[in-house]
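# Breakdown of the fold
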Amino acid sequence: MNVDVVVVGGGIVGKTAAIELAKSGAQVSVVDAGINSGSDANAGSLHVQMQSRFMRLYPEQVPNIEASLSLYCDAVEEWKSLQADVGSVELVQKGGLMLAEDDGQLAFLEKKAEREVRKGVTAEILDRSALEKIAPWLGSDIVGAELCRNEGKVNPLVANSRLRARADELGVRFINDKVRALSVSDHVEAHGDADSYRCDRILLAAAWGVNDLVSGFGVSIPSRAEPLHMNITETCSARFDHLVQHAEKSITLKQFGSGQIVIGGGWPARSRGLDRVPEVELSSLLGNIALAARLVPSVGQLRIIRTWAGMNTTNDGASIIGPLAGNPRVVIAVPGDAGYTLGPLVAKMATAGMLGNRSFDEDPRYSPARFAA
Amino acid sequence: MSKLHFTFNDKPVEFSAGQSLAAALTEAGIIAFRQTPKGEERGLFCGMGVCQDCLLTVDGVPNTRACMTRAADGQNVKQQVAFPVLEKAPIAPVAPAACKLEPDVAIIGGGAGGLSAAIAARASGASVVVLDERKVGGGQYYKQAAGHSPLDDQQHEGAELLFLAKESGAEIIGSVEIWGAFDGPLFLAECNGAAYIIRPKTAIIATGAYERPVMVPGWTLPGVMTTGAAQTLWRSYRTLPGKRVAVCGSGPLNAQLALELAKGHAEVTILAESAPPHWCAPITALKAAMADPGLVAKGLYMLCDLKRRGVALHYRTKLQSVERRGDQLCARFRSEAGRITETDIDVLCMNAGFEPQNEILRLLGADMSFDASAGHLRCQRTHDMETSVPNIFAVGDCTGLGGAPAASIEGTIAGVAAAARVGFRGAIDLSVESRQLARHRRFQANLWKLFDTSPRRIDSASSDVTICRCEEINLSEVLGGLQTNPSHVGTLKRATRVGMGRCQGRYCGPVVARLVAKATGKPLEDASYFAPRVPIKPVSIASILAAEEALKDEC
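Residues numbered from 1 in each chain as written. Chains lettered and ligands numbered in written order. Predicted model: local features only at pLDDT ≥ 70, side-chain atom pairs only at ≥ 80, totals over all residues.

Residue and element names in this part refer to chain B. As for its placement among the helices and strands, L4 is situated in strand 1 (residues 4–8). Its 18 C-beta neighbours within 10 Å are what place L4 among the partly exposed residues. Separated by 507 residues in sequence, L4 and V511 have C-alpha atoms that sit 43 Å apart. Leaving out residues up to four positions away in the same chain, L4 has contacts with E14, F15, A17 and D73. (Helix = DSSP H or I, 4+ residues; strand = E, 2+ residues; numbered from the N terminus. Buried ≥ 20, exposed ≤ 12 C-beta atoms within 10 Å, placed from the backbone. Contact = placed C-beta atoms within 7 Å.)

Next up, the structure:
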């Protein structure tokens, strides 16, 4: 098979990139292994403010995230343009609340909000009485919160389907295969389990799988799979518009258009290897739900109908966008933390570079060159 | 005696002690229990806690299954709206303290297999806990009577088995919904709002089967229910599902129900059997008769009795559609020769075979293989009924359809083996059981050849037929998703929402697994089905909180 561009990975980045490339007239094939794409397990939070979970678990990555904050603001705007192009993805932007249960946590949020505002994020601190007006459903232990108005949510199932339909419409070909290696000469060849795919250029949108593809090219990318857990309730008529997080503990809580509440936020799942879907951990299920019910007590009246686990990707906190040093035919597009939020924007930046509409040198901090082995 | 009553949408409904809400409402002529997000009405369907369609709001608590909840004096019952309102200030979840159990043998399911296993394991000296999701044990075959005397030999036999199990010293706990199964084994359950944490040394899974429906336009209407649901109404609660009834699908359970309802003075307008008459397969019929002359004689007697009572038995006849006409349903049948029969009824009962309730086994990773003749997975077991997961035994229909008599014998064998595993070696000779089991399996193998329960091709059905009851997804939506990306049922689920609802894909799952297999050309196997996940059944967050509290220091 011979095409202009092969995109490895059919998640949020791969699909949006394929759409961009196809729109420019390129002949595009997306090759995806069909297993453990983070986008398939994602719960649709649009993150902008720095996630406390991440700051706690990966403090060394915080400077990179903080430096990327404006990217997150732009990423949510990019979701809006995407929605205008592909149809409703149930995007709601009513802001995200990061809750504090004591004064110490609130003080932490105050400092965090100051840092974020300096980077262009719209963030403010609300005390309990201010919270009462916009989120009367919060538990009595909540003393205050950081409200980040940039934040929101989409329905990832709808978004993924819409993007797939748009890509199909533009003639993008989707192939189910696991790409194991690349060879580069005057063209690029992607070697999969089932077949090899020849192209002029290749876009690597394989998230946690990207290092295996480029390790022979003088870089070592620290992207790795992080198995995470999620839960969903039955429908209800209550309206929880905000994306809810916590200043110290791992949680995201939000409501889909279906009326169901999705509870997640980075509780670990048990890996069963990269070729199998991770397994739900009991401790995560219990801890995640218990925390949700403490923060938003009325959800305690509902039943959990499903849980699932999927692979998130972490690297060094910043996105990786750009060509491999010495191999301009091979371009990487891996978002930093909160990959689903950043996905469409990262795809757009990578494809703009490939299409010559923008120089990759504009954002050296996202260059894969930083991982030179 | 003063009358018992609850209110439904503020109107009083009388009931008899022991009746389920589903039975009491059915008796009062109320069949629409909940509204769906797309504006449809739903009522009692499976009658056994599987389909999650008979949800009511009871005393302000939404999502209460009418079939599994006992009616109580003074209850405030409301039809459930599509999007139930959450109380603004909920009562703090004061769930009772969690109950921890650590028996030698935990038996999940108190039907023929589970109770027999309990008796055998106790006889060897092991401590035994039986956990059953119904209030009264006995399972779907023995369907015990709630508050009245046994109806017939089958109920007598079940009552005796239940009595023997209790006498054996096994602890039998009802109303226990197992929602989690983890390595260890560790089981998590909910029982009347309390959390149960069970860490047995060995476990015997005896969770039985549920019914395969006939998916035609209208099969989700209130008044359309499984044969088993109608049988529970009558056998357990002495409630006729309706005055005029039609029964369809394939298999002996349909004939049994038709006869029971006819005896109970319902008018059975048609018993539609999709298979040809048994005399068209004389050798198979003879083989079944040789394996179990008693059961075959019972079957023949049943058919004669049906005829005597004027029930029209139509062979080679399938349900085409059902629709609501005023306060009745109109069911349309078509014979192989093309003859159309229409009948106006109160209730349409359907059973087109069975699906094993193998969720716990699949979650724990027990090896499965696909049985093409039954159209479902079978659990791989040793002669001792042990699965590929050490210390996890499995008996009866949850391992693949085999019938209640076989389940009983398998239970006895597994009970002895599980007790022996934890050091209780009773001097029990199982040679008779082994011979009986072989005979029952021969009977079953021939019996089902006489019927038409291998799954039907659905892709040629009407495109608007509902495939996923919960999410209200029809065939054309499923086929559309399949066309875009047929790679796996999980992909199809995310693309179309098929299988994402409360019943967790129990009805649509087997259908879409077959559709994906056909589209991809891959053989059916364990991985063809929706990935098994906790919770096995929807579980209240209140109960999760209680479990979390109890397990805080452990995990």
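Glancing now at the nonpolar core. Ranked by internal contacts, the top residues of the largest apolar core, which has 288 residues, are L204(A) and A333(A). For this core, the element with the highest residue contribution is helix 10 (residues 404–421) of chain B, accounting for ten residues. Ranked by size, the runner-up nonpolar core spans six residues in total, among them A285(B), F443(B), W448(B) and L450(B). (Core = buried A, V, L, I, M, F, W, Y, C linked by C-beta atoms within 7 Å.)

Bringing the packing of helix 7 (residues 282–291) of chain B against helix 11 (residues 431–449) of chain B into the picture now. All names here are of chain B. Helix 11 packs onto helix 7 with a crossing angle of 155° between their chain directions and a minimal axis gap of 8 Å. For the element pair helix 7 / helix 11, the angle class is roughly antiparallel. As for the relative orientation of helix 7 and helix 11, their crossing is left-handed in sense. Listed contacts from helix 11 to T284, K287, A288 and A291 of helix 7 are R439, R442, F443, N446, L447 and K449. Its residues assigned to classes, the contact of helix 7 with helix 11 comprises four nonpolar, two polar and four charged. (Axes fitted to C-alpha atoms, helices over the stretch in contact; angles between N-to-C directions. Parallel < 35°, antiparallel > 145°, perpendicular 65-115°, else oblique. Left-handed = near helix turned anticlockwise from the far one by under 90°. Nonpolar A, V, L, I, M, F, W, Y, C, P; charged D, E, K, R; others polar.)

This part is about the pairing of strand 17 (residues 320–324) of chain A. Residues and elements named next belong to chain A. Of all five residues in strand 17, four are buried, a share of seventy percent or more. Across five bridges, the pairing between strand 17 and strand 18 (residues 327–334) is antiparallel. Residue pairing across strands places G322 opposite I332, the latter belonging to strand 18. Joining the antiparallel neighbours strand 17 and strand 18 is a turn of two residues, in which G326 adopts a positive phi near 80°. (Pairing = 2+ DSSP bridges.)

Before going further, it helps to spend a moment on unusual backbone geometry. In the segment running from G184(B) into P185(B), the intervening peptide bond is cis, with an omega of -5°. Checked against the element boundaries, P185(B) lands in the loop between strand 12 (176–182) and strand 13 (186–191). Geometrically, the link from V534(B) to P535(B) is a cis peptide bond, its omega value of -5° lying close to zero. Tracing the backbone through its elements, the reader meets P535(B) in the loop between helix 14 (508–520) and strand 31 (539–540). A positive phi angle, near 60°, is found at N36(A), a position not held by glycine. Backbone geometry places Q504(B), a non-glycine residue, at a positive phi of 60°. Here Q504(B) lies in the loop between helix 13 (489–496) and helix 14. Q504(B) sits in the buried class, given 23 other C-beta atoms within 10 Å.

With that out of the way, let us pick up the domain arrangement of chain A. Residues and elements named next belong to chain A. By domain assignment, chain A separates into domain 1 (2–40 + 157–223 + 316–371) and domain 2 (91–151 + 224–314). The C-alpha centroid of domain 2 is placed 30 Å from the C-alpha centroid of domain 1. Of the residues lining the interface, eleven residues belong to domain 1; the matching set on domain 2 comes to ten residues. Split by residue class, the side of domain 1 that touches domain 2 holds five nonpolar, four polar and two charged. (Domains from an automatic or database assignment.)

Regular strands place side chains that alternate from one sheet face to the opposite one. All names here are of chain A. The buried fraction of strand 4 (residues 96–100) amounts to five of the five residues, a majority that puts the element mostly inside the structure. Side chains of strand 4 alternate between two faces, with G96, M98 and A100 and L97 and L99 buried alike. Where strand 4 meets strand 6 (residues 144–148), five bridges bridge the pair, whose relative direction is antiparallel. Its bridge partner being in strand 6, L97 is matched across the sheet by L147.

Moving on, we come to the sheet that holds strand 21 (residues 317–325) of chain B. All names here are of chain B. Strand order in this open sheet of three strands is 21-22-23, and the pairing throughout is antiparallel. The open sheet terminates on both sides in strands that have one partner only, identified here as strand 21 and strand 23 (340–345). Recorded for the sheet is a direction-independent mean angle of 20° between the axes of neighbouring strands. The pairing of strand 21 with strand 22 (residues 328–335) spans eight bridges and is antiparallel. Looking at the pairing, R324 lines up with L329 of strand 22.

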